[in-house]
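These are the residues of each chain, in order.
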Amino acid sequence: TTGIALRDRHLKEKYLEISKPEYSMAVLSVKKLSKACVLEAKAETCGFEGSLTLHGKTQPVSGTAKVKKDGGGYLAEAAFSLNLPDYAVDVPKFAGITVAKEVSVEANIKFGN
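The notes below deal with the structure included here. Small disclaimer: the values here were computed from a predicted structure and weren't measured.

F48, L52, V61, F80, L82 and Y87 are the most contacted members of the largest nonpolar core, which has 13 residues in total. Listed by contribution, the elements that provide at least two residues to this core are β2 (42–54), β3 (57–70) and β4 (73–83). If near-sequence neighbours (up to four positions away) are discounted, V61 is found in contact with L28, F48, E49, G50, S51, L52, F80 and Y87. One finds C46, V67, Y74 and A76 within the second-largest nonpolar core, a separate group that totals 7 residues.

Shown next, in the form of structure tokens:
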């Protein structure tokens, strides 16, 4: 979400095309995260590597995650950047204003439960 409902709807419908079944879900797969980050789960920042499937394209991603205990599992707050053209997403434009090709992503992930 961007904080502006109309912009969010426009991005989802026109650019990400989430109404199409093949584009309805984005999947972040974390392939490398240090054991210490998970076992200590002190919400300290750790690096991660993985892949993101978005708009029918899968690309490698890397970023940071803060992992903390959440009941019987864990909650991770991940942050990374992506390049929209790498995922065949047109760069959004409206009234002469263009969004950057490189965008920051934040995701909350539950696991181990």
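With that out of the way, let us pick up unusual backbone geometry. Not every positive phi belongs to a glycine, and E17 is a case in point at roughly 50°. Relative to the elements of secondary structure, E17 occurs in the loop between α1 (5–15) and β1 (27–33). Positive phi outside glycine occurs at H55, with the angle close to 55°. One can find H55 in the loop between β2 and β3.

By volume, the largest pocket amounts to about 900 Å³. Lining the largest pocket are 29 residues; nearest its centre among them are T1, L16, L54, S104 and V105. When contributions to the lining of the largest pocket are tallied by element, the ones reaching two or more residues are α1, β1, β2, β4 and β7 (102–111). Here the residues of the lining of the largest pocket are counted per class, giving 20 nonpolar, 5 polar and 4 charged. Together, I4, L6, R7, H10, L11, Y15, P92, K93, F94, I97, T98 and V99 line the second largest pocket. Elements with a contribution of two residues or more to the lining of the second largest pocket: α1, β5 (93–94) and β6 (97–98). Its residues assigned to classes, the lining of the second largest pocket comprises 8 nonpolar, 2 polar and 2 charged.

Procedures and definitions
Residues numbered from 1 in each chain as written. Predicted model: local features only at pLDDT ≥ 70, side-chain atom pairs only at ≥ 80, totals over all residues. Heavy atoms only, no water. Core = buried A, V, L, I, M, F, W, Y, C linked by side-chain atoms within 4.5 Å. Buried < 20%, exposed > 50% of the residue type's maximum accessible area, 1.4 Å probe, protein only. Helix = DSSP H or I, 4+ residues; strand = E, 2+ residues; numbered from the N terminus. Contact = heavy atoms within 4.5 Å. 1 Å grid on protein atoms, 1.4 Å probe; cavity = no way out; pocket = protein on both sides within 12 Å on 5 of 7 lines; lining within 4 Å. Points joined across faces, edges and corners; volume = space filled by probe spheres on them. Nonpolar A, V, L, I, M, F, W, Y, C, P; charged D, E, K, R; others polar.

Taken by themselves, the reported measurements are silent on function.
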